[in-house]
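# Examining the three-dimensional arrangement
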Amino acid sequence: MAKHKKAQRNHKYSLHSRQRKVNRKYKDTIFRMLFKDRNNLLSLYNAMNKKNYTDASALQVVTLENAIYLGMKNDLAFIMDMNLYLYEHQSTYNPNMPLRDLFYISNEYQKMVVQQSLYSSTIQKIPAPKFIVFYNGTKEINDLTEFRLSSAYECPTEDPDLELRVTVLNVNDGHNKALMEQCQTLKEYAQYVARVRKYVSSNELSLEEAVEKAVTECINENILRDFLSSNRAEVINMSIFEYDKELEEKKLRRAEFQAGMEAGIEKGIEQGIEQGIEQGIEQGIEKGQQDLLTQKIKAKLAKGKSLELIADELEEDISVIEKLLNQEAN
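In this text, all values refer to a predicted model and were calculated from it rather than measured experimentally. (Residues numbered from 1 in each chain as written. Predicted model: local features only at pLDDT ≥ 70, side-chain atom pairs only at ≥ 80, totals over all residues. Heavy atoms only, no water.)

### A word on the environment of V235
- Considering the arrangement of structural elements, one finds V235 in helix α10 (residues 232–271).
- C-alpha of V235 to C-alpha of V215: the two residues are 20 residues apart in sequence and 8.4 Å apart in space.
- Aside from chain neighbours lying at most four places away, what touches V235 is I30, Y192, V215, F227 and L228. (Helix = DSSP H or I, 4+ residues; strand = E, 2+ residues; numbered from the N terminus. Contact = heavy atoms within 4.5 Å.)

Given below as structure tokens:
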């Protein structure tokens, strides 16, 4: 019986089952977990705004818990100085953040004025929003980048009626040093992430061993010591999931590109070089994405998983899953 339990524990961290087990339980991130602590959040706010507040209870946390767009959760939203700050952590470069934040802020404003009449002659006051993304992906970007909603408009104008700006801060180790010095928790978080990546990229350790080593060293070197000591098991599982997700996204993009290129070129030959460049490659990329998703669905079905569970794991609408299966059957 003891041998059986030990085998189960070892299987938990096998290459093929690790992400599946972690994915269901750990949809949070270490960044979000760190800054859900009001004191850490206040420290980050002070560093961002050159303030010196000490009363963490002054933060009115209104974190969005439910899925708003693409199955994602907003990280940190809070009210301070009569402003509404939306802080989001991203490890993937995402220029669609302005559109996502438009949904987020609309939802928050709707809740704030639900008891008020928007048809009265008195203006309904609302807190001004501030959108910040803390980025720590592997794509090289400047310390500070700005995304604008107007960049997504098909017909751009110099002075759009609706604009939304998102400030993207690179919080990888070695970037935004002034900010890091003002917020020790953010600085140590960046050091921890860099340590994990260092040991994983060395190819001398497995992912689990690399994370374990990074956690142990950071505790010994007083980097997020209390946080890592108190949440060691959860942090290790989160780190494994986050790094697995990062690798899977890279592989998915490569597979989509390759499938799209192959299908696009074949389509282009049939329709002519010019039409192939303009249409075939785009259609090929879409077909490649669908084929890749279908393969994942079939693999999970073969393991006896329900459509609801598959949709949740792949973060797709169940109608999309059913449509792809019907296409495959025909």
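### Focus on the confidence of the model for the protein
- For the protein, mean pLDDT is 77; residues scoring 70 or higher make up 72% of the total.
- Within the model, the stretch residues 1–27 combines pLDDT values under 50 with 35 contacts to residues more than four positions away or in other chains.
- Contacts for the low-pLDDT stretch residues 65–74, under 50 throughout, to residues beyond four places or in other chains number 23 contacts. (pLDDT = per-residue confidence, 0-100.)

### Details of the pairing of strand β3 (residues 83–90)
- Of all eight residues in β3, seven are buried, a share of seventy percent or more.
- Relative to strand β4 (residues 128–135), β3 is paired through eight bridges, and the arrangement is parallel. Bridging from a neighbouring strand, E88 pairs with V133 of β4.
- For the handedness criterion, the β-α-β arrangement of β3, helix α5 (residues 97–112) and β4 is classed as right-handed. (Buried < 20%, exposed > 50% of the residue type's maximum accessible area, 1.4 Å probe, protein only. Pairing = 2+ DSSP bridges. Right-handed = clockwise from strand over helix to strand, strands pointing away.)

### Topic: the pairing of strand β5 (residues 144–148)
- Residues T145 and F147 point to one face of β5 and are all buried, whereas L144, E146 and R148, pointing to the other face, are not buried.
- Two elements, β5 and strand β6 (residues 165–170), share five bridges in a ladder whose sense is antiparallel. Of the residues in β6, the one forming a bridge with R148 is R165.

### A few points about unusual backbone geometry
- Its identity is not glycine, yet N203 carries a phi of approximately 65 degrees, on the positive side.
- Inspection of the secondary structure assignment puts N203 in the loop between α7 (184–201) and α8 (207–220).
- Classification of N203 by relative accessible area gives exposed; the value is 69%.
- Residues other than glycine seldom take positive phi values, yet N222 does so here, at roughly 60 degrees.
- Counting through the fold element by element, N222 comes out in the loop between α8 and α9 (225–230).

### Considerations on the packing of aromatic side chains
- Applying the stated rule across the entire model yields nine aromatic pairs.
- Consider the rings of Y93 and Y135, whose centres lie 6.4 Å apart with planes at 85 degrees: the pair is edge-to-face. Here Y93 is found in the loop between β3 and α5, whereas its partner Y135 is found in strand β4, with 42 residues between them in sequence.
- A relative accessible area of 2% places Y135 in the buried class.
- An aromatic cluster is built from F31, F35, Y45, Y53, Y85, Y87, F134 and Y189, whose rings are joined through pairwise contacts.
- Here the guanidinium or amino end of K139 rests over the ring plane of Y93, the centre of that ring lying 5.0 Å away. (Phe/Tyr/Trp six-rings, centres within 6.5 Å; stacked < 30°, edge-to-face > 60°. Lys NZ or Arg CZ within 6 Å of the ring centre and 35° of its normal.)

### Focus on the side chain of N172
- Examined against the element boundaries, N172 turns out to sit in the loop between β6 and α6 (177–182).
- Within the structure, the side chain of N172 is placed 2.9 Å from the side chain of R197, a separation counted as a polar contact.
- Those residues in contact with N172 that lie beyond four places of it in its chain are Y135, N136, G137, M180, A190 and R197. (Polar contact = N/O pair within 3.5 Å; in protein donor to acceptor, adjacent residues only side chain to side chain.)

### So, empty space enclosed by the protein
- This structure, assessed with the given rule, holds two cavities of 30 Å³ or more.
- For the largest cavity, the calculated volume is near 170 Å³.
- Considering the residues around the largest cavity, the lining is formed by 13 residues, among which V193, R197, S239, E242 and Y243 are closest to the centre.
- Only α7 and α10 provide two or more residues apiece to the lining of the largest cavity.
- For the second largest cavity, the calculated volume is near 30 Å³.
- Residue lining of the second largest cavity: Q90, T92, Y93, N94, V133, Y135, F147 and V168, and that is the complete set.
- Counted by class, the lining of the second largest cavity contains five nonpolar, three polar and no charged residues. (1 Å grid on protein atoms, 1.4 Å probe; cavity = no way out; pocket = protein on both sides within 12 Å on 5 of 7 lines; lining within 4 Å. Points joined across faces, edges and corners; volume = space filled by probe spheres on them. Nonpolar A, V, L, I, M, F, W, Y, C, P; charged D, E, K, R; others polar.)

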